[in-house]
Each structure stands twice: as C-alpha cells, then as structure tokens.
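What the coordinates show
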Amino acid sequence: MPDETNYSPRDAASLGGPSKDETAKGSTGSLVPFPRARLPKKKRLPDNNLPLELSSFVGRQREVAKVQRLLGGDARLVTLGGPGGCGKTRLALAVAQDLIDSFEDGVWWVELASLSDPKLVAGALASALGVREVPDRSLTEVLVEHLKPRKTLVVLDNCEHLVDGCAALADTLLRACPELVILATSREPLRIVGEAIGVVPSLSLPDPHRLPPAGELARYEAVRLFVERAKAVDAGFELTERNTSAVARLCHKLDGIPLAIELAAARTRVLTVEQISEKLRDPLGLLTTGSRTAAPRHQTLRATLQWSYELLDEQERGLFDRLSVFAGGWDLEAAEAVGAEDPVQAGRVLDLLSTLVDKSLVMVEESEEGGSFSRYRMLEPVKQFGREKLQESAEAPQVRRRHAEYYVALVERAEPELLGADQGRWLQRLRSEFGNLRVTFSWSIESDQEGECAELRLRLVAALSRFWGREGFEEGKRWLRTALEKDPGGFPAARAKALGGLGFILLFQQDYGRAIAALDEAIALYRELGDEIGTAFALGSLGWAVLHGYYHERVPTFIRESEALIEGGLKGSPRAYLSIVLASAILWQGDIDLAASRIKEAIAMCRESGNLREAAMGLFNLGGLELRRGDTERATKVFEEGARISGQLGDMLGAAYYVWIFGGVNARLGKPARAARLWGAAEALREQMGMSFSRYDLAQSGYEGDLAAVRSTLDEASFDAAWAEGRAMPLEEAIEYALRVVEESAADPPTMAPVPERTPSDQKPAQTAEAKATTAGLRVFALGPARVEKGGHPLDSSPDWIYKPRELLFYLLSDPEGRTKEQIGLALWPEASTAQLRSSFHDTVFRLRRALGAKEWIVFDKGRYAFNRSLNYFFDVEAFEENLSEGRRLRSEAPEQAIWHLEKAADLCRGDFLEDFAESEWAMERQEELWREHQGALLLLGGLLFAQGRHAEAAEAYRKAIVHDELLEEAHRELMRCHAALGERGRALRHYEELVELLDEQLGAAPAPETKALHERLRAGEEV
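Remember, predicted model here, so these are calculated numbers, not experimental data.

1. Some points on the packing of aromatic side chains
Within the structure shown, the criterion is met by 37 aromatic pairs. For the pair Phe 620 and Tyr 657, a centre-to-centre distance of 5.3 Å together with 75° between the ring planes defines the contact as edge-to-face. Taken together, the positions of Phe 620 in helix 30 (residues 612-629) and Tyr 657 in helix 32 (residues 652-668) put the pair 37 residues apart, joining distant regions of the chain. With respect to burial, Phe 620 and Tyr 657 carry one shared label: buried. Summarising the aromatic geometry, the rings of Trp 660 and Tyr 703 are spaced 5.7 Å apart at their centres and angled 50° between planes, so their arrangement reads as tilted. With Trp 660 in helix 32 and Tyr 703 in helix 35 (residues 703-713), this pair connects stretches of sequence that are 43 residues apart. By relative accessible area, which is 4% here, Trp 660 ends up buried. An aromatic cluster of three or more residues is present, and its members are Phe 473, Phe 504, Phe 508, Phe 620, Phe 639, Tyr 657, Tyr 658, Trp 660, Phe 662, Trp 679, Phe 693 and Tyr 703. Note that Arg 317 overlies the ring of Tyr 309, its terminal NZ or CZ placed 5.3 Å from the centroid.

2. Let's talk about the sheet that holds strand 2 (residues 107-111)
Within the open sheet, the five strands sit side by side as 2-3-4-1-5. Their pairing is parallel. Taken across any chain shown, the strands that pair with only one partner, and hence form the sheet edges, are strand 2 and strand 5 (195-199). Mean inter-strand twist for the sheet, computed between neighbouring axes without regard to direction, equals 20°. Inspection of the sheet shows strand 3 (residues 152-157) paired to strand 4 (residues 180-185) by six bridges, in the parallel sense. Residue pairing across strands places Asp 157 opposite Thr 185, the latter belonging to strand 4. This element, helix 2 (residues 61-72), spans strand 1 (77-81), strand 4 and strand 5 of the sheet and lies at about 155° to strand 1.

3. Concerning helix 29 (residues 592-609)
Between the first and last C-alpha of helix 29 there are 26 Å, a value that for 18 residues agrees with the 26 Å anticipated at 1.5 Å per step. For helix 29, the full list of buried residues reads Ala 595, Ala 596, Arg 598, Ile 599, Ala 602, Ile 603, Met 605 and Cys 606. If you follow the buried residues of helix 29, they end up packed against helix 27 (555-567), helix 28 (572-589) and helix 30. Gly 610 sits one or two residues past helix 29 and shows a positive phi near 80°.

Parameters at a glance
Residues numbered from 1 in each chain as written. Predicted model: local features only at pLDDT ≥ 70, side-chain atom pairs only at ≥ 80, totals over all residues. Heavy atoms only, no water. Phe/Tyr/Trp six-rings, centres within 6.5 Å; stacked < 30°, edge-to-face > 60°. Helix = DSSP H or I, 4+ residues; strand = E, 2+ residues; numbered from the N terminus. Buried < 20%, exposed > 50% of the residue type's maximum accessible area, 1.4 Å probe, protein only. Lys NZ or Arg CZ within 6 Å of the ring centre and 35° of its normal. Pairing = 2+ DSSP bridges. Axes fitted to C-alpha atoms, helices over the stretch in contact; angles between N-to-C directions. Contact = heavy atoms within 4.5 Å. Expected span 1.5 Å × (residues − 1).

Below is the structure:
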C-alpha cells in the first residue's frame, strides 16, 4: 500500500483489484491493482495507470508547481522526501495527473510499499508497464529496450525500504533511456547523480496566537483539509467563530501533517473539535483509526512512525531518542551537548544527525538569526514518539539534566550580550530557544531532585530578567515568583538578580508597592555582595517605581544614591541606565537643562558600547523632554531615531511606548485618524506585553487631552474603525506606520486644528484614563448568522431580545434615513390590523430600546424612527459596503489599496445576510442585493490580483466566488486563466471539462463562446 496517503488513505482492494488487462500481463509481482484514471470525454490522453482519487486533493499548489518546474527543466529524477504521513504519495499523484498530456508514451505508477526484497523493484516496474520477461535476458535489459525510444514518466512510490534497489535501477534506466523521467517518493534520497530533492513540507498553518477571522482560516491548507475531512464523516460540520480557535490549535499541535489531520478529523464523528484538541496531549494515542482500507501503518500515527524507526540502526535510534527532549528545535552545539552519550560520541553526532535528516525524522531549517547556521527540529508527533522511546530507556533523567544544564549556561552567556552591540542576534537566539527554556523550567519544577534543581532554576530565571523586558511580562513574572518562592536559600547573587527582574516587571504593571519591596531587597543583597553593577540596575528600576508610583518622598534619596554611584566610577550600560532614570527625577525637580544633559550623556555611552535598547529608552525620554519644551519638530526627530531602534530589535516594550507617543505627535499635527490608529496599535502591544502606561506617563505626555481632542473631531464610528485597524497591526507594521505617517505629514494637510502645545501637569491625576473611558459600544453582525453584542457580551440573555425587536433593529440599520411607522408596519406586520399594529409596534420599540440599554439607540425625528448612528457602534454590513465602495473607487489610481479594501470586504462576509433569520420580504430583498455585491467584490478582487501578477491569490478569490455561486461562469473562466498562469495548464483543462458537466447538468447549456475560446487557446498552448 502507499506509504503516503497525504489526505485519503486507501487500499487497492477497495478499488476492485487488478483489471483484466493487468491480469493478462501475468506478473505475480504487479503492485498496481488500481483502475486506470478516468479520461475526459472529449480528449484521449496518453496511457496511464494512475490510481483514482477517492477524495479531494487539498492545497499544495506551490509544491505541485515546483515539482513540475523541476521535471520540466534539467532534472530527470526528482525524489519527493519527507516524514511518514506528510503527503508525498498524494503530491506525486497530483503532479503525475497534471503531466499526463506531457508524456506521449504514458505515465506509470509503481507501488513498492509491500515489497521486501530490492531485487523485485524491476519486476514491479515491468508489471506496471506490461513488459514480459524474455528468456536469457535480464529484466533490466528488457526494461531498457522498452523505455529507450519512449517519452515516459515513471512514478516509484515508497522507495525508502528498498532504496538501494531503486537507486540502482533508476541509475541504469536514466543513463540508457534519454526520454525517461522518474518521480520517486521516499523518506530518504536515492543518492544518484542528477537527483533533485523536493522536500514535502507540512501544510500551511495559521498562527494560533493571532487568528484571522473564521472566513479567512480556509486560506490555510491544514485547516481546509481538516474541514473537508470532518465534513466527510459529519455532513453538518462547519467552521464557525466558536470552533475556529480549536481547529487552529489542533492543526498546529499536529504540525500540519496531513495524515495526522485526517485521523483527527475522523474523530469528529464522536467528539467535538474542542474535545479533540484537548485530548491531543497524546496524539499518538488519540489518532488510532483511519480508513479501514488504508495500509496498517496508516491506520494509526504511531504505526507509521514505528515503520520509520525500525529502519534506523542502534546508534541512530539512540540519538533520535535523545533529540526528542528538545522543544521548538535546536542547533548542532546543543545536539552535541545533549546527544553525546555512549555509544554516541560528540564527534559522531553530526554524521548521525545528517542521517536522521536524510531519513526525514529530523527537519533542517535556516536559523532565524541571520542564516549563519542551521537549526533542526522534529515535527510535533514525531517528537512525541521519540519521547516515548526516551522514557522507556534508563537514560531519560540524565538526558533531561544535560538539556537543562546546557540551556542555563546558554542564558547566562546571553545575559551580558543583551546589553552589547550584538544584542539583536542574542535576543533572536533566545526567542528561537524559548521552547527549550520552558522545558528546562518545567523540568526544574517537576524533577524529584528538587534540591539539585533549585539553583539551576534560580539561575535560569535570573539570567532571563532582561529578556522579559523585550518579550512580555506575564510568563516572566510567574517564573520569577515561583523560583523565589521555592528558593531554599544559599544563592544570594541569583536571588538578587531575580528580585531585580521581578521588580522591573511589577513597576510596568503599576504594582508599585510590591515592585519597591522586591527592589529594596535586591539592592540590599547586592550591597552585601559588593556588586555595584547589580546595585545600579536595581536602583534604576527603583527610581522608575518611585517616580511613576508617586512615592515622591523617596525621590531625593534616590537622586542622592544614584549620584554617589555615578561619581564613584560606575561605567558602561549600568551608568547609562541609571543616568536616564536620574534625569527623569531631576526633571521632576524642575531642572530641565540638567536633565537634558544627563540623558544626552547616557545616550552617547549607549551608542559607544552598542547598547541599542538603552539608547532607545534614552531617546524616548529625550523626546519627551523636547515635547515639554514645546519643540514638537525636534521631539519628532528624536522619537523617529528611537522608534527605528525598537523596530530593528523587535523590542515590544519600546515599540509600545513609541507607537503610543507617535499617536500624540499626530494629534498635535492635526491628524486625528492616524492618532487613533497608532493608539489602537499601542494598546494591542501593551496588552501583549502585559503592562500599562502609568499615571505619570499619561500626565507627562498630555495623552488624555490629546485623546479628547481626537474624539471630538472624529465621529464615534470613524474613531472606532481607526482604533480597530491599529489594534490589528503587528509590531513591525505599527512601527513602520508610525514612521511613515510622520514622513507623509508635510504632504498631507491637517484634518483638524492642531492640538495646542501644553506643559503637562506634574500633579497626580484625579482619575486614570481607564476610569474615564466611555462605555463599550454596540457590535452588530448580519453577514451570516445574526449576532448583536454590547460591551463584548451577546444580547441573547436579555428577555426583551425576542424575534420582533431583533428584526426591527436590522430593518432600521438597513436604511440610514430611518423609516416611518407605516413603513415599519408593512415590513414587519404586513397582515396585522390597525389595532394589532399599534400594540405590537410600541411594544417592540420599547423592548428594543430596553434590550440595547438606552432609548437613545432608537430615535424619532421628523416622523421617522431611526438607528442613532452618532453613537459608538459597528455594523458589518456598513463596513462591507464602505470597503467595497473604496475598492471600486481606487481600482485604477491605487490598485494595491483597492485590493486591501476588497479583501476586507470579502472577509466580512461570513454568509448571507441574516442567513438564520431572514424570512420577511424586506430581508430577502436585502439579502439578494448584498449577495450580488459580494459576488461583484470577489470578481473585482480576483481581477486586480491577477493584474498584479498575484495569480495564486487571484485563484483563491475566484474559488470563493464559485463557492458563492457555482454557476458563475466568469469566475470559472478566470480561475482557468489563473491555473494557466501558475503553470497548471492540465488542471485548467480538467476544470473546463468539469464546468461543461456542471452547466449541462444544472442548466442544460454549454459554456459561453469566450469560455470555449479560452479552452481552445489552452489546448493549443497559447498565451491566455
């Protein structure tokens, strides 16, 4: 049976066994009992014995095109490699089907999985080709004679256990047969001259931490495969907002492995997606039953991994087991440190690791730290299988300890580097190793050798203190608190450093009392140890805490102790950090010139030592000082430099501050929408970081006044839309936008009066910004199932939220001008008498207002009832139509912007208008109108994408249009053009045949003349 089913395991017996022709060929070694692929009615294609596909082939367009390019170039042998279950067989089958008309003497499938003797490979190929043995001649000679004059594609499927026999036969045939091309699938290469390797990657995955809307998830191959296979076992299964997160998590846990996803989807017959995702802590146990017709090793995930494991020798198995201790990947240095144990010596690790890569049990990828060296990883189910094997061995505790010791040593090497010129690379390295750091911390908690682990744990969290300030505080706070609580004593240096790290986090979370307590203890320990550098860093953080927490009585002491340290000869980064905080304290005392001098001196020291992050912090404070002086232009230039550094480092804390302050800059430049976007982006970064802007920050920057000015200029809908756009920006995009809007400001006149410069108050605000925030708005969704939320909660629980008040809300939202009482009556109660209408109408209006929480939502003016659009609300239909209108307007002058708006419009459409609710005539008419607009949006989007050369994305737009209306011939025609542009001409021709059948069955009609003309050009190989 095939080694790879990619998406649908199958057994030859289920397809009826060999055909009469194949039986007549008389070879007992035949391994291709599949019926021949069905030929299109109107065109006789070359002979082939390709197996029928019993389920759809999902995704892989890029991979198919890449393999076809290899086969169409100089490569006459292409081997598709990858681990078990990754989809090598189905990818090879898709490529072969697309290439049928390129090989006039046929495309021949040779299945090798059930063979155990390499000598039988030639017989299997002969059986597939219908070649008989000839007395006194070897079968290889007969095959050469048969294939030499023919232009043929041969697919050798599942070569890994017969790799020597396959390599020998392929080498002989390719040297003797100039028109022969071979496509092989194998978990390791054949290693003969001229072989091109195509590694089959996992299916594309969404980021489970930043999920797109449910409608956009289908763009990801893993999700699409799961949904299609789940529907096969449960026709009612749908991807919804409710299960979106669970589906994404499930696919991510399975690392996009098609076989694993298929086996998981089969479980939707008896479990919800949420239950399956939860139980995937043990995927090897859960994913135990696939298709009954599949090969036994494809009916469970464990079986297919066991097959690969048994092909390893003893040393390879030993290293494989040890490498499973890593999480998120590793480099060669780590492999040698953790994997070098008898019988594996450090000098042999590289050779054995290379073998595991060749056999597709370990993946190799370029390092994120600039590509200077390689990183390795195992797919998640493969790693879990390895951990089972490691746990069965006696060496598991020693391996885990070596792993922990290596990573504690690594973070201690990284700690000083995070203040140096190479800090960006080291920061990225720690990010790459964060999975391993989590494993190390967990081991230190769970190990039964608690006494021995305590020091390693404290050293680990202490050395990571500077890392949390760049990546996010919540997890760091949890680690630090746990390590400090479990500290048995005896490690004062590590404890002091951990306390300093905890104090730093707590001050940014405005937990000033606990921050000061932790920092006071840290400073006391450092002074006992005589550690001036540690004292300086902890004292600097204490300074921030007393300033931002309004502990003003402690400021003079802080200034005195800081100046004493600096005058005592403190140098480098500790001096720079302390000087920056000291400058803020001096500024609080009112000496602006001395504060500026201190900050500039600190920035110069940072630049000299290459400490970019502290330089960015100094620049932020210097820019704030310039704002205080009233020089917005100078402040902006300073902020620009600092923001570029934070963006370059990927420093989330610095980025949050810079994006936020640029919101204020744009407010002062009279750019309210840009200010709102930037503040929204800063809020998202702040939430990801797990921190808040302090009352001191808000007061010093004048934020609340700027925010009020922007809100008074923009209507609530525009403000909320801009804020939401900002929240959706990732860090890099937010920094880029902040810098871009400043650069563009000269060419873009203000849309509001610039906010006057102000000298911020040093007094403690009476209330925080959060306390002054307006009440949450209303969110109304009608494109798909009807849903209304207020304050983030659905209105379903309200006893007034019954059918007619709901219908009235959607009816009023559908007309900005409002409706008269008579119009509402005819729409909602067409059969009611005057008395019935009067009673029903007033009761419905009353209930709707009460459900929404205030009568102001529904207003009566000039004889009409209307939804109050001056309040804070979001309506997806309005957003859809606004984006569609902008897309149409910009399609000629700014096509990229038009594409952005059209994609936004398409993403908002999660179904038909009020699809679970529309019964009245008015709703059905509106549904038809929006249906046509959605159709037009997809066609326009596809056309613009195609014109930009983004053919794969255009194809996806046209596919969505076809799902929307399967009889939309224009979308079918344009999808054919996309296939051709992507090098998939065979696929385009097959799509035409499918369209012919569809139109005949549904309409009794033939394709339009322009569709037929396109088909003829495709057949003739002409440009389309």
